[in-house]
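Overview (structure and organization)
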Amino acid sequence: MGYPGREARGWRGWTLLVWVAAVTWLSADGRRVRQPRCPAGCICTKDNALCETVRSVPHTFPSDVVSLLFTANSFDLIDEDAFLGLPHLEYLFIENNKIASISPFAFRGLKALIHLSLAYNNLETLPKDVFKGMDALTKVDLRGNNLICDCKLKWLVEWMHHTNATLDQIYCSAPPIHQGKKINDLLPHSFDCITAEFASYQSLKFESISVDAFTFAEDQYVVFPQPFAGTCSFLEWDHVEMTFRPYDTIESTSTVVCKPMVIDGHLFVIVAQLFGGSHIYKRDASANKFIKIQDIDILKIRKPNDIETFLIDGESFFVIADSSKAGSTTVYKWNGNGFYSHQSLHPWYRDTDVEYLEISNKPHLILSSSSQRPVVYQWNRSQKQFDRRTDIPEMEDVFSVKHFRVKGDLFICLTRFIGDSKVMRWDGAMFKEVQTFPSRGSMVFQPVSIGKWQYAILGSDYSLTQVYQWEAKRGQFVPTQELNIQAPRAFSLVSIDDRVFLLASSFKGKTQIYEHLMIDLSH
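Our subject in this report is the structure included herewith. Note that the coordinates shown come from a computational prediction; the quantities given were computed from them, not determined experimentally.

**Quick word on the sheet that holds strand β37 (residues 511–520)**
- The sheet built from 4 strands is open, its strands ordered β10-β37-β36-β35 with antiparallel pairing. Since the sheet does not close on itself, it has two edges, and those belong to β10 (194–204) and β35 (488–496), each with one partner. Within this sheet the neighbouring strands show an average axis-to-axis angle of 25°, counted without direction.

**Here's the deal with empty space enclosed by the protein**
- On inspection of all chains with the given rule, the structure shows 1 cavity of 30 Å³ or more.
- Size it by volume and the largest cavity reaches roughly 30 Å³.
- Lining the largest cavity, in full, are Thr 390, Asp 391, Ile 392, Pro 393, Trp 426, Ala 429, Met 430 and Phe 431.
- Residue composition of the lining of the largest cavity, grouped by class: 6 nonpolar, 1 polar and 1 charged.

**Comments concerning the pairing of strand β32 (residues 453–458)**
- Of all 6 residues in β32, 6 are buried, a share of seventy percent or more.
- Here 6 bridges tie strand β31 (residues 445–450) to β32, and the two strands are oriented antiparallel to one another. Within β32, the position partnered with Pro 447 by the bridge is Ala 456.
- Where β31 folds back on β32, the antiparallel hairpin that results is connected by 2 residues, among which Gly 451 adopts a positive phi of roughly 60°.
- Summarising the sheet, β32 and strand β33 (residues 465–471) pair through 4 bridges and their orientation is antiparallel. Note that in β33 the partner of Leu 458 across the bridge is Gln 466.
- Linkage of β32 to β33, two consecutive antiparallel strands, is achieved through a turn of 6 residues.

**What about the layout of surface pockets?**
- Its volume calculated, the largest pocket comes out at about 1,300 Å³.
- Roughly 910 Å³ of internal volume is contained in the second largest pocket.
- Around the second largest pocket sit 28 residues that line it, and Asp 192, Ile 194, Lys 452, Gln 469 and Glu 471 are the ones nearest its centre.
- Looking at the lining of the second largest pocket, the elements that each hand over two or more residues are β10, β27 (398–406), β32 and β33.
- For the lining of the second largest pocket, the element with the most residues is β33, which contributes 3 residues.
- Here the lining of the second largest pocket is built from residues that sort into 13 nonpolar, 8 polar and 7 charged.

**Thoughts on the nonpolar core**
- Counting 51 residues, the largest nonpolar core has Phe 70, Phe 83, Leu 92, Phe 107 and Phe 131 as its most contacted members.
- Counting only elements with at least two residues in this core, the list comes to β1 (42–44), β2 (48–51), β3 (67–71), β5 (91–95) and α2 (154–160).
- With 5 residues, the single largest contributor to this core is α2.
- Those residues in contact with Phe 107 that lie beyond four places of it in its chain are Phe 83, Leu 92, Ile 94, Ile 102, Leu 116, Leu 118, Val 130 and Met 134.

**Observations regarding the sheet that holds strand β23 (residues 351–359)**
- On the basis of which strands lie adjacent, the open sheet formed by 4 strands has the order β23-β24-β25-β26 and antiparallel pairing. Each edge of the sheet is formed by a strand with only one pairing partner; in this case those strands are β23 and β26 (385–391). Neighbour to neighbour, the strand axes of the sheet diverge by 30° on average, direction disregarded.
- Examined bridge by bridge, strand β25 (residues 375–380) and β26 share 6 bridges and lie antiparallel to one another. Within the sheet, the bridge partner assigned to Val 376 lies in β26 and is Thr 390.

**Observations concerning the packing of aromatic side chains**
- In this structure the tally under the stated criterion is 38 aromatic pairs.
- On the basis of an interplanar angle of 10° and a centroid distance of 5.5 Å, the ring pair of Phe 310 and Phe 317 is categorised as stacked.
- Since its relative accessible area comes to 6%, Phe 310 is described here as buried.
- Residue classification places Phe 317 among the buried positions, given a relative accessible area of 0%.

**Considerations on unusual backbone geometry**
- Backbone torsion omega between Ala 174 and Pro 175 reads -10°, so that peptide bond is classified as cis.
- Inspection of the secondary structure assignment puts Pro 175 in the loop between β9 (166–167) and β10.
- Of note, Asp 129 is a non-glycine position whose phi angle comes to about 65°, a positive value.
- Looking at where Asp 129 falls in the secondary structure, it is placed in the loop between β7 (115–117) and β8 (139–141).
- Unusually for a residue other than glycine, Asp 497 sits at a positive phi of about 50°.
- You can see Asp 497 is positioned in the loop between β35 and β36 (499–506).

The rules we used
Residues numbered from 1 in each chain as written. Predicted model: local features only at pLDDT ≥ 70, side-chain atom pairs only at ≥ 80, totals over all residues. Heavy atoms only, no water. Pairing = 2+ DSSP bridges. Helix = DSSP H or I, 4+ residues; strand = E, 2+ residues; numbered from the N terminus. Axes fitted to C-alpha atoms, helices over the stretch in contact; angles between N-to-C directions. 1 Å grid on protein atoms, 1.4 Å probe; cavity = no way out; pocket = protein on both sides within 12 Å on 5 of 7 lines; lining within 4 Å. Points joined across faces, edges and corners; volume = space filled by probe spheres on them. Nonpolar A, V, L, I, M, F, W, Y, C, P; charged D, E, K, R; others polar. Buried < 20%, exposed > 50% of the residue type's maximum accessible area, 1.4 Å probe, protein only. Core = buried A, V, L, I, M, F, W, Y, C linked by side-chain atoms within 4.5 Å. Contact = heavy atoms within 4.5 Å. Phe/Tyr/Trp six-rings, centres within 6.5 Å; stacked < 30°, edge-to-face > 60°.

In structure tokens form, the structure reads like this:
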């Protein structure tokens, strides 16, 4: 991989010999020619120039120069248009200098150049398209540099596979995945250069405590409960203005959840309130508005905190987590005309969150509570009810649990307001810890999946929201971005017109919408 000093000196001597021979041959006709202008530190003949110990690339060479050699100079930069005005230049040797940086337009105008050597410098990368317009090139020499084969150099690999020019064998000095490899052996797909970020897209001038996105009649909608305003605010996508705009509202009191549920083409919304009871609304297509069709038993649901909807064997259910001392987390089932109480889970435990998921293809619920560890319930198909299966050990004070999958493996994000939030993995018998996250003031730790990217978003009432991205090789999340959201309470995704948006509810500030943008690091 390395090049000993003797070899470098031998190459330099060979280059000088070739250059001197070229000078002798080009001036051997014996004609008397006028001595060309020659910059200080350089030796010039009619068609050739040799420069040593100069501090920058001179700009006063005769326009008919054919060959240029820079060696043992002290300059470390080749600026743009460094060789402008040399249309006949065919050979350019910039060797054994200290070049660390080259402008993308350094060689602009060198359309006749056939041989370029940048050997034995301090180059770690090359700007994209630095050889653009140099269609006559037949030879490029980059030996003796410490090239870093990352996304910034992907273009060179692509260029090597399309150019007619030949390159000597050169090696990667970094990153570890390519270190020691021949650049000549790399392929464009050897580089993973597509990354992504959440970019601020739209700010909504209201506070909200949760958010849900849903599809109804082939259109996408989002709904935000506003506890202080006392409404469920529905938004739709404006395909002309390319923003979310108001669609409808449901008036309510101290609203905490507005959960949409589509059954047989009909839209229902479960509206959970802290005061005045909770209710179920249905979208009336003929009247073009929401109509209340049912009240929820106030004796069971006194202080709702979360709602989850799900299907089991084609039947529609929802479950409300109740956080009061006297209430009971309850499962409701659709019977074709309305929803009725199907099963009351443990009472008196002040549940703060409920998560529906499948473990080994069997329906489960995980209840989070302020008074005990998260409890896992499994669906009993013969009894058509949930039975308590286990709890998650050593995880007291968990506010909520959300699940995600990576290549078939099941994981959960557990949120704690005080202490560390955690990611755990199901090992076939129980959930085991994978990673911990400092999370003082956190009330949401939401996994979201977009294409090949798996994220976990950790909100906080006291600091910036942290966005983590799953790194498959480590089997863990790594931090990638921070978002400025005041008191975030929930996150949800919506896909519209081949675009993906992250909806972020804010309890103490403006509700935010971000767009998920892909970025090509090789550009």
